[in-house]
Amino acid sequence: MPVQKTCQVSGQTFTITDEDIKVCKRFNVPLPTLCPDERHRKRTAFRNELNLYNRTCDLTGKPIIASYSTDKPYTVYSNEAWWGDSWDGTDYGREFDFERPFFEQFEELSLKVPLPPNVVLNSINCEYTAFSADSKNCYYSARMGHAEDIMYTYLALSSTGIIDCYNVSHCNYCYECVDCWSCYECFFSQNCKNTNNSWFCYDCIGCSDCFGCTGIRNKKFYFFNQCCTEEGYKEKVSKYNLGNYQVAQSIKKDFRKNLTSRPKKSAIILNSENSTGNYITDSKNVHCSFDLENVEDIRYCWGTEHAKDMYDCDFVYYAELAYNIVSISRATNIRFSFAVYGSNDIDYSMYIANNCANCFGCISLKKKQYCILNKQYSKEEYFALRDKIIEHMKHTGEWGQYFHPKISTYCYNESVAGEYFPLTKEEALSRDYKWKEPEPQEFKPATAEVPDDIKDVPDSITEEILASTLSGRNYKITKEELRFYKRYGIPLPKTHFLERHAERLKLRNPRKLWDRNCQKCQAKISTSYAPDRPETVYCEKCYLETTD
Ligand SMILES: [Zn+2]
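Residues numbered from 1 in each chain as written. Predicted model: local features only at pLDDT ≥ 70, side-chain atom pairs only at ≥ 80, totals over all residues. Heavy atoms only, no water.

Caption draft 1: Here's a closer look at the overall build of the protein chain. Helix and strand content of the protein chain: 12 helices and 36 strands. Across its three principal directions, the C-alpha atoms of the protein chain cover 80 × 60 × 40 Å. The 548 residues of the protein chain split such that 57% are buried. Accessible surface computed for the protein chain: about 23,100 Å², of which carbon and sulfur atoms make up 48%. Here the protein chain carries 69 positive and 75 negative side-chain charges, and the mean point of each set is 3 Å from the other. (Helix = DSSP H or I, 4+ residues; strand = E, 2+ residues; numbered from the N terminus. Buried < 20%, exposed > 50% of the residue type's maximum accessible area, 1.4 Å probe, protein only. Areas by Shrake-Rupley, 256 points an atom, 1.4 Å probe, with all protein chains shown as cover. Lys, Arg positive; Asp, Glu negative; His and termini not counted. Charge placed at Lys NZ, Arg CZ, Asp CG, Glu CD.)

Caption draft 2: Representation of the side chain of Glu-499. Position of Glu-499 relative to the elements: it lies in helix H11 (residues 497-505). This buried residue, Glu-499, is left without a salt bridge; Arg-473 holds the nearest opposite charge, at 5.7 Å. Excluding residues that lie within four positions of it along the chain, Glu-499 makes contacts with Ser-468, Leu-470, Ser-471 and Arg-473. (Salt bridge = Lys/Arg side-chain N within 4 Å of Asp/Glu carboxyl O. Contact = heavy atoms within 4.5 Å.)

Caption draft 3: Structural view of the pairing of strand E16 (residues 196-199). Judged from the 3 bridges that link them, strand E15 (residues 184-187) and E16 form a sheet pairing that is parallel. By the bridge assignment, Tyr-184 is partnered in E16 with Asn-196. Here E16 pairs with strand E17 (residues 208-211) via 2 bridges, running parallel. Bridge pairing in E17 places Asn-196 opposite Ser-208. (Pairing = 2+ DSSP bridges.)

Caption draft 4: Region of interest: the coordination of the zinc ion. Here the zinc ion is held by Cys-518 (SG), Cys-521 (SG), Cys-539 (SG) and Cys-542 (SG), and the distances to it run 2.3 Å. Classification of the site at the zinc ion rests on its 4 donor atoms, whose angles at the metal span 103 to 116°, yielding the label tetrahedral. Between consecutive donor residues of the zinc ion, the sequence gaps follow C-x2-C-x17-C-x2-C. With a relative accessible area of 10%, Cys-539 lands in the buried category. (Donors = N, O, S within 2.8 Å, 3.2 Å for Na, K, Ca; no water. Tetrahedral: all angles 85-135°; square planar, octahedral: opposite > 155°, others 65-115°.)

Caption draft 5: Molecular detail of helix H5 (residues 230-238). Within H5, burial applies to Gly-232, Tyr-233 and Val-237. Axial view of H5: buried residues confined to an arc of 125°, hence all on one face. Opposite the buried face of H5, by more than 90 degrees, sit the exposed residues Glu-231 and Ser-238. Close packing links the buried residues of H5 with E16, E17 and strand E18 (220-223). (Arc of directions from axis to C-beta.)

Caption draft 6: Quick look at the packing of aromatic side chains. What the rule picks out here adds up to 59 aromatic pairs. Looking at Arg-487, its charged tip hangs above the ring of Tyr-173, at a distance of 4.9 Å from the centre. For the cation-ring pair, Lys-494 lies above Tyr-245, with the distance from its terminal atom to the ring centre recorded as 5.1 Å. (Phe/Tyr/Trp six-rings, centres within 6.5 Å; stacked < 30°, edge-to-face > 60°. Lys NZ or Arg CZ within 6 Å of the ring centre and 35° of its normal.)

Caption draft 7: Layout of the pattern of salt bridges. What the rule picks out here adds up to 43 salt bridges. Put simply, Glu-49 and Arg-47 hold a salt bridge, and the shortest N to O gap is 2.8 Å. With a shortest N-O distance of 3.9 Å, Glu-80 and Lys-62 are connected by a salt bridge. Of this pair, Glu-80 sits in helix H3 (residues 79-83) while Lys-62 sits in the loop between strand E3 (53-56) and strand E4 (63-66), and the two are 18 residues apart along the sequence.

Caption draft 8: Summary view of the domain arrangement of the protein chain. According to the domain assignment, the protein chain consists of domain 1 (3-34) and domain 2 (53-117 + 343-404). Averaged C-alpha coordinates put domain 1 and domain 2 at centres separated by 28 Å. (Domains from an automatic or database assignment.)

Caption draft 9: Looking closely at the nonpolar core. The biggest cluster of nonpolar side chains holds 120 residues, and the ones touching the most others in it are Tyr-351 and Phe-360. Ranked by the residues each element gives to this core, the list is headed by strand E24 (residues 302-335), at 6 residues. In this structure, this core is formed jointly by two domains, domain 1 (3-34) and domain 2 (53-117 + 343-404), each of which donates at least three residues. One finds Ile-269, Ile-298, Ile-325 and Leu-365 within the second-largest nonpolar core, a separate group that totals 26 residues. (Core = buried A, V, L, I, M, F, W, Y, C linked by side-chain atoms within 4.5 Å.)

Caption draft 10: Seen up close, the pairing of strand E26 (residues 344-347). Relative to E26, E24 is paired through 3 bridges, and the arrangement is parallel. Bridge assignment links Arg-335 to a residue of E26, and that residue is Asp-347. Bridging between E26 and strand E28 (residues 357-360) involves 3 bridges; their strand directions are parallel. In the strand pairing of E28, Asn-344 is matched with Ala-357.

Caption draft 11: Focus on the sheet that holds strand E11 (residues 160-163). Ordered by their spatial adjacency, 9 strands build an open sheet running E7-E9-E11-E13-E15-E16-E17-E18-E19, and the pairing between neighbours is mixed. Only two strands of the sheet have a single neighbouring strand rather than two, namely strand E7 (136-139) and strand E19 (226-227). Two elements, E18 and E19, share 2 bridges in a ladder whose sense is antiparallel. Bridge pairing in E19 places Phe-223 opposite Gln-226. The strands touched by H5 within the sheet are E16, E17 and E18, with E18 carrying the most contacts at an inclination of about 45°. (Axes fitted to C-alpha atoms, helices over the stretch in contact; angles between N-to-C directions.)

Caption draft 12: Structural detail: the state of the cysteines. What the rule picks out here adds up to 0 disulfides. Note on Cys-201: no disulfide assigned, nearest cysteine sulfur contributed by Cys-204 at a separation of 4.1 Å. Judged by its relative accessible area of 0%, Cys-201 falls in the buried class. (Disulfide = S-S within 2.5 Å.)

Caption draft 13: The environment of Asn-79, seen in detail. Structurally, the position occupied by Asn-79 is in helix H3. Looking at Asn-79, the relative accessible area reads 22%, which means it is partly exposed. C-alpha separation for the pair Asn-79 and Ala-339, spaced 260 residues apart in sequence, amounts to 14 Å.

Caption draft 14: Structural view of the sheet that holds strand E10 (residues 154-157). Spatially, the 6 strands line up as an open sheet ordered E5-E6-E8-E10-E12-E14, and their pairing is parallel. Lying at the two open borders of the sheet, with one neighbouring strand each, are strand E5 (120-121) and strand E14 (178-181).

This is the structure we're talking about:
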């Protein structure tokens, strides 16, 4: 029987279904005490994706790029040093003290053990990224997987030659695209699939050579949803000087404004069955989850690709069987953890990698088994002590809960939680999160103006310090970037990468679902469009009737 519960933090009522109960039994954990949003908040406060800082490696003294600002109390090694064999995490091992709560002891350990600067796995020339795997030549980007030559992008999977995009998969040579799949040479477009050589398109599937189109299927040479001859299309497009910043911005603005008046599909779910949430592709049996690709049996998850049997998991890349975790890859049977890679059977741990197994309450271990608070035990000792600690945690009320907020190694306002569930400083502190005071920013005056037209941009622009027209914040244009803009006749950006990222983020709906009715046929729909939004929202069937 479904159980109604009241969230201990938000006070919201939430339902625990029979399916939830089944999953909790399978993972041998108690039922959640927080509503799904508060569970996401707690977990994603442990992850910093886009705030990178200059630091020095605490082992070698070399300058590094790290997700930890210099004011953090942690020991941070360079990736090379952290993954190297010159130190061993078990040197920091300690006895468990049954007189004290578990989280307190775990936090103390976190202040001693060296942490890696950012998570970059099996990748080349990706120092300026976070949460990258199997990638090459990526710069100021986060969540790269099998990606190459990517800049200023959030989430690129199996993609090459991408600049300024948000969530692209199997895409090549795209710019300013948001939520696109298998696209080639697409620019300023959103929610497109299998589309080539197109500009300013929204929800176009199987199209090529289209401009300013929405909701079209398998079309070629379409201009603002009108069929043209090849010559007619080229003539119409050539009337716009797309290489001019003001022209491109004004088309983008008008196009996005006009989109609001078109009916919207209740959810972007492609090639998937029995699934609720948004931005789901090639998946099965998904409940209330967002940004997923190729997953099965998933409940309350965000940002998960190639995974199976996940409950309350955020940011997973190739994994099976996990409960209440954030950031894992190539891992199986993981509970209540952060950053576990290539390891199995791990509970309440972080930064665990390289074939670890059976670790509990550990930090920064590689190739270890049967460890608790980084102390090595025999197999028999491990299981006996682990079970005793779980009993202890049931008494302290810690068992089944994700880590206490103060254990997060990041401040709330630099974490993913801060991006999706903003809090004021006072609210964050009252919930035991840390807060980062903005660092005094001294902007240098720009040494050059960015010309409006790409044709007027000299190669020397890559040597200049530029200033955002929005904030004065400094930024640079790299040589690779300039080559891309020149090749495709795209004007140079005039704002800082994080400002461009924030603008793209606004194009996406919140990771939240509302029960509504289709505004055409009244069928029940589950949608990320809140009831008070201005857009007209249709069920999948009615929406399809609006496409051409
Ligand atoms: Zn309908």
